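Working through the structure, step by step
Here's the letter readout for the chains.
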Amino acid sequence: MIRLVDVRVDVPVPAPTGGRWTSKTLLQDVTCELPERRIAFIGANGSGKSTLLRLLNGLMPVTGGRVEVDGLDPATNGKAVRAHVGFVFTDPLSQLLMPTPIEDVELSLRRVVPQREQRRARALELLAERGLDRVAEQSIYDLSGGERQLVALTAVLAVNPGILVADEPTTLLDLGNRLRLRALLDALPQQVVVSTHDLDLAASADRVLVVAGGRIVADGSPQESIVFYEASQR
Amino acid sequence: MNATRALLGEYVPGTTFWHRLGMGPKYLWFALLLLPALIVRDPALVVALVVVAAIPLLRLGVPVRLSIGVPWTLAVLLVVLAGYHGFTGSLATGITVVGTTLVALYASRLILFTTPLPTLVDALVSAARPFTRLGARPERFGLAVAILIRSVPYVAGAFGDVRAASRARGLDRNLTTALTPVVVSAVAYARRTGDALTARGLGDD
């Protein structure tokens, strides 16, 4: 269970007049529990969606309030939380740390499969499940955007996290790859929390929250929240 | 050609003698080439070592421009170094400095071309294990080296990207003005890499 209680996130920014630093509020008064299997956060650029998602695995600390992931605080139990929460970034190149897909998946498996040969075999097996075995040895720079995102997802899911958090995972993908990734996310056994501009992806969630100005301004069924969001953008 | 291949090279699957050789002998070969160049500092010896370092690269089946080719940015740097030493009356030193750099580059490439990165990381982690009692963290050390191998060519490539963007916008080709965007890009890349490492729990051990 993901729980946010009265969460506030402030960050230091240079003052407009120069010289001194001031504070900018990215999130405030955020309180919610997220038990549903599929949850989507939607909102305009700069609304605070990504900041909110980054709280869930300790990438961003809170300034006030608290975050709990299955009873654990990401700020004080980051290691335990990150073992349970997989995170997928918008740009897979930000996330792929090794030159080839198989090496990147092997990197994820180092913690759970000590033997090199077994690790390699398991990595190849995981890539094959996503149809990526034919590109396993290719440079990540030679892969398409869709293939990179699938590799990034495979590397994150390799350690079987209980929760998958994905920050705008379809933003850089063409329609075909968006559809493919959407189907893949929907088939996962994990709880999936996404932030997205893809309203079709949001429509497939069990619950959609709208973020604006660092606050949750709507929270309900996909239909209700998407209608609210579209109306707010006109 | 991406920056990784241009500078350090990437693993090329194969079954050559060097592919089958273990990491220990490869590191020994690296040391046998580089240490004499660094210690003796004789130009004739260094030139001979450059040739010796290049020969196995040429036999890997990798295109010549990738095996022994030098990115133009590095080539310019080496020419400037050699020219400086030649101009100041020490051409022998110039040859030694440039030659030693090439020996190190070619010897490194041989390891990277013929060794999958996970194997390289495993070897580094094993080498660092005896230092655990001194507080060393072998897994973190191996990961740091792997990230370095991936990151240095990225930053080098960022310079090319900035120059291309400047040209596309018809802007000044001043090298100094390109430096700020490159530094900003490098810092942003470092932050993204840090976030990715944290998110994947790597380095939490």
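Please read all numbers here as calculations on a predicted model, not as lab measurements. Each chain has its residues counted from 1, running along the sequence as written. Chains and ligands are labelled by the order in which they are written, letters from A for the one and numbers from 1 for the other. Only residues with pLDDT of at least 70 are given local features in this predicted model, and only at 80 or more are side-chain atom pairs given and counted; all residues enter the totals for whole chains, interfaces and linings. By convention in this description, side-chain values take in all heavy atoms of the structure and omit both hydrogens and water.

Along its length, chain B carries 10 helices and zero strands. Oriented by its inertia axes, the alpha-carbon framework of chain B measures out at about 50 × 45 × 35 Å. For chain B, buried positions account for 40% of its 205 residues. The criterion used for residue contact is that any of the two residues' heavy atoms lie within 4.5 Å. In chain B, the proportion of contacts linking residues at least 24 apart, taken out of those at least 6 apart, comes to 69%. Surface accessibility follows the Shrake-Rupley procedure with a 1.4 Å probe radius. Residue values consider only the protein chains on display as shielding. Summed over its atoms, the accessible surface of chain B is roughly 10,900 Å², and 69% of this surface lies on carbon and sulfur atoms. When charges are counted, neither His nor the chain ends are considered; positive counts come from Lys and Arg and negative counts from Asp and Glu. In this description, the location of a charge corresponds to atom NZ of lysine, CZ of arginine, CG of aspartate or CD of glutamate. Considering chain B, the positive charge centre built from 19 side chains and the negative charge centre built from 9 side chains are found 5 Å apart. A run of H or I in DSSP becomes a helix once it reaches four residues, and a run of E becomes a strand once it reaches two; helices and strands are each numbered from the N terminus. Summary of the burial criterion: residues with accessible area below 20% of their type's maximum are buried, those above 50% are exposed, and those between are partly exposed, where the area comes from a 1.4 Å probe applied to protein chains only.

All names here are of chain A. Geometry is summarised by axes, namely lines fitted to C-alpha atoms with helices restricted to the contacting stretch, and by angles between N-to-C directions that run from 0 to 180 degrees. Packing of helix α4 (residues 101-109) against helix α5 (residues 116-129) leaves a shortest axis separation of 9 Å and a crossing angle of 120 degrees. With respect to α5, the element α4 is oriented oblique. α5 is crossed by α4, and the crossing has right-handed handedness. Every residue of α5 that contacts α4 at P101, I102, V105, E106 and L109 is listed here: R116, R119, R120, R122, A123, L124, L126 and L127. Comment on the angle field: the value is read as roughly parallel under 35 degrees, roughly antiparallel over 145, roughly perpendicular from 65 to 115, and oblique elsewhere. Helix crossings are classified by the rotation of the near helix relative to the far one: an anticlockwise turn of less than a right angle makes the crossing left-handed, while a clockwise turn makes it right-handed.

For the domains described, the bounds stem from an automatic or database domain assignment. The domains assigned to chain B are domain 1 (1-115) and domain 2 (117-205). Summarising the inter-unit geometry, the C-alpha centres of domain 1 of chain B and domain 2 of chain B are found 21 Å apart.

Attention now goes to the packing of aromatic side chains. Residues and elements named next belong to chain B. Each Phe, Tyr or Trp ring (for Trp, its six-membered ring) is paired with any other whose centre lies within 6.5 Å, and the angle between the two planes then decides the class: stacked below 30 degrees, edge-to-face above 60, tilted in between. Counting across every chain of the model gives three aromatic pairs over all chains. Taking 5.2 Å as the distance between ring centres and 50 degrees as the angle between the ring planes, the aromatic pair formed by W18 and W29 counts as tilted. Of this pair, W18 sits in helix α2 (residues 17-20) while W29 sits in helix α3 (residues 23-40), placing them 11 residues apart in sequence. A relative accessible area of 14% means that W18 is categorised as buried. Residue W29 is classed as partly exposed on the basis of its relative accessible area, which comes to 23%.

All names here are of chain A. Whenever a carboxyl oxygen of Asp or Glu lies within 4 Å of a side-chain nitrogen of Lys or Arg, that contact is scored as a salt bridge. According to the stated counting rule, one finds 21 salt bridges over all chains in the structure shown. A salt bridge links R116 to E106, with the nearest nitrogen and oxygen atoms 3.0 Å apart. Here the residue R116 occupies a position in helix α5, and E106 occupies one in helix α4, the gap between them amounting to 10 residues. Given a relative accessible area of 17%, R116 falls into the buried group.

Each partner contributes residues to the interface: chain B has 29 residues there, and chain A has 30 residues. What gets called buried area is simply the loss in accessible area from a 1.4 Å probe that two parts show on being joined, summed for both. Taking both sides of the interface into account, the surface hidden between chain B and chain A amounts to around 2,600 Å²; carbon and sulfur atoms contribute 52%. Scanning the region where chain B abuts chain A turns up five salt bridges. Across the salt bridge formed by A:R54 and B:D195, the nearest N and O atoms sit 2.9 Å from each other. Each polar contact in these results corresponds to two N or O atoms within 3.5 Å; when the atoms are within protein, one needs to be able to donate a hydrogen and the other to accept it, and residues that are neighboring in sequence are counted only if both atoms are side-chain atoms. On the surface where chain B and chain A come into contact, there are 11 residue pairs in polar contact (both at pLDDT 80 or more). Mapped onto the side of chain B that touches chain A, the elements with two or more residues apiece are α1 (3-7), α8 (117-128), α9 (138-168) and α10 (175-199) of chain B. The dominant element in the side of chain B that touches chain A, judged by the number of residues it contributes, is α10(B), at seven residues.

Here we take up helix α4 (residues 43-58) of chain B. Residue and element names in this part refer to chain B. Here a helix's expected span is defined as the number of its residues, less one, multiplied by 1.5 Å. The first and last C-alpha atoms of α4 sit 22 Å apart over 16 residues, in line with the 22 Å expected at 1.5 Å per residue. Those residues of α4 that sit buried are V46, L49, V50, A53, A54, P56 and L57. The buried residues of α4 occupy one face: seen down the axis, they fall within an arc of 160 degrees. In the core, the buried residues of α4 are packed alongside α2, α3, α5 (64-67) and α7 (91-114). Measuring from the backbone nitrogen of A44 back to the side-chain oxygen at the start of α4 gives 3.2 Å, which picks out D42 as the cap. As used here, the arc is the angular range of directions from the helix axis to the C-beta atoms.

As a further point, take the environment of A:L26. Residues and elements named next belong to chain A. Tracing the sequence through the fold places L26 in strand β2 (residues 21-34). Taking the C-alpha atoms as reference points, L26 and M1, separated by 25 residues in sequence, lie 23 Å from one another. Residues in contact with L26, not counting those within four places in the same chain, are V9, V11, S47, G48, T51, M60 and G214.

What follows covers the sheet that holds strand β1 (residues 2-14) of chain A. Residues and elements named next belong to chain A. In space, the three strands of this open sheet follow the order β2-β1-β4, with antiparallel pairing throughout. Two strands bound the open sheet, and with one partner strand each, they are β2 and β4 (64-69). Each strand axis lies, on average, 30 degrees off the axis of its neighbour in the sheet, ignoring direction. DSSP-based pairing: two strands are paired if at least 2 bridges between them are found. Pairing between β1 and β4: five bridges, direction antiparallel. Within the sheet, the bridge partner assigned to R3 lies in β4 and is E68.

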